[in-house]
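# Structural description and commentary
Chain by chain, the residues run as shown.
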Amino acid sequence: NAGVTQTPKFRILKIGQSMTLQCAQDMNHNYMYWYRQDPGMGLKLIYYSVGAGITDKGEVPNGYNVSRSTTEDFPLRLELAAPSQTSVYFCASTQGLYNTEAFFGQGTRLTVV
Amino acid sequence: QKEVEQNSGPLSVPEGAIASLNCTYSDRVSQSFFWYRQYSGKSPELIMSIYSNGDKEDGRFTAQLNKASQYVSLLIRDSQPSDSATYLCAVNKGSQGNLIFGKGTKLSVKP
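Structure report, in brief. Chains are numbered independently. Their residues run from 1 in the order of the written sequence. By the order in which they are written, chains take letters starting at A while ligands take numbers starting at 1. The predicted nature of this model means local features are confined to residues of pLDDT at least 70 and side-chain atom pairs, given and counted, to a pLDDT of 80 or more, with totals for whole chains, interfaces and linings taken over all residues. The side-chain numbers reported here are obtained from all heavy atoms of the structure, hydrogens and water having been left aside.

## Considerations on the state of the cysteines
- We call a pair of cysteine sulfur atoms a disulfide whenever their separation is within 2.5 Å. All chains considered together, the criterion is met by 2 disulfides over all chains.
- Residue Cys23 of chain A pairs covalently with Cys91 of chain A via a disulfide, S to S 1.8 Å. Residues Cys23 of chain A and Cys91 of chain A are joined through a disulfide that is left-handed, its torsion about the S-S bond being -70°. Remark: Cys91 of chain A occurs in strand E9 (residues 87-94) and Cys23 of chain A occurs in strand E3 (residues 19-25); sequence separation between them is 68 residues. There is no split in this pair, since Cys23 of chain A and Cys91 of chain A are both buried.
- A sulfur-sulfur separation of 2.1 Å characterises the disulfide bridge that pairs Cys23 of chain B with Cys89 of chain B. On the sign convention where negative means left-handed, the S-S torsion of about -70° between Cys23 of chain B and Cys89 of chain B marks this disulfide as left-handed. Of this pair, Cys23 of chain B sits in strand E3 (residues 19-25) while Cys89 of chain B is found in strand E9 (residues 85-92), placing the two residues 66 residues apart along the sequence.
- Given the relative accessible area of 0%, Cys89 of chain B is considered buried. By definition, any uninterrupted DSSP run of H or I lasting at least four residues is a helix, any uninterrupted run of E lasting at least two residues is a strand, and each is numbered from the N terminus. Burial classification: accessible surface area is computed with a 1.4 Å probe over protein chains only, and a residue below 20% of its type maximum counts as buried, one above 50% as exposed, and the rest as partly exposed.

What follows is the structure, given as structure tokens:
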């Protein structure tokens, strides 16, 4: 089972550039999430989706956009990258709303210079 | 008050000792509580989940939940060097269904 797959694993961006972080899951999970993790910190929720066509903001959505056209894919778009977006990004999915385990991708380490 | 709070540590215990990790949360409607372990440079992995008051044991791990005090804890018995990692407490935030994480407690088990 592939589970949750994120690409790329590493990326260096210049200030002002844009990019899309890809996330795909093959578990038929309705709920998907994007988190960022700064050094020594926990995970902060950027955006989440409760199903295809439905997305909502989390704690730190500024500078990011998402879309959910299919159940499997939940890409995260960075427009006009800034040094403050240097972080490790994790995509996750859950089967249900409450009592379910979150499955994480392997993470994307992004550096903006 | 932050939604999910943990002592950032580091918490250092000798091999074979009991490690005690604590977490408090602010949203009383929270229904699901999780402990994730994260090794350096890796993604979080679930080690325990708990949904009702009391204790839940799984091998060397025991999760404790007290909803009245809004408190969750994780006990690791017979700690091993391989338990050295950051432990993240996560709380399901009511009807929105999203997980809110604490900053994590870094545990170091010394041989």
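## Some details on the side chain of Ser87 of chain A
All names here are of chain A.
- Examined against the element boundaries, Ser87 turns out to sit in strand E9.
- Accessibility expressed as a relative area gives 5% for Ser87, which makes it buried.
- A polar contact is formed between the side chain of Ser87 and the backbone oxygen of Gln37, at a distance of 2.9 Å.
- Residues within four places of Ser87 in sequence aside, it is in contact with Arg36, Gln37, Asp38, Thr108, Arg109 and Leu110. Here a polar contact means two N or O atoms within 3.5 Å. Within protein one must be a hydrogen donor candidate and the other an acceptor candidate, and residues neighboring in sequence count only if both atoms are side-chain atoms. Only heavy atoms matter for contacts: two residues are in contact if any of them lie within 4.5 Å across the pair.

## What to know about the sheet that holds strand E6 (residues 54-58) of chain B
Residue and element names in this part refer to chain B.
- Two strands form a pair only when DSSP identifies at least two bridges running between them. Pairing is antiparallel in the open sheet, where 5 strands are placed in the order E1-E3-E8-E7-E6. Of all the strands in the sheet, the pair left with one neighbour each is strand E1 (4-6) and E6. The mean inter-strand angle of the sheet, taken between neighbouring strand axes irrespective of direction, is 20°.
- When E6 meets strand E7 (residues 61-66), the two strands line up antiparallel, connected through 5 bridges. Note on E7: the bridge partner recorded for Gly54 is Leu65. Axis definition: a line fit to C-alpha positions, over the contact stretch in the case of helices; interaxial angles, taken between N-to-C directions, run 0 to 180 degrees.

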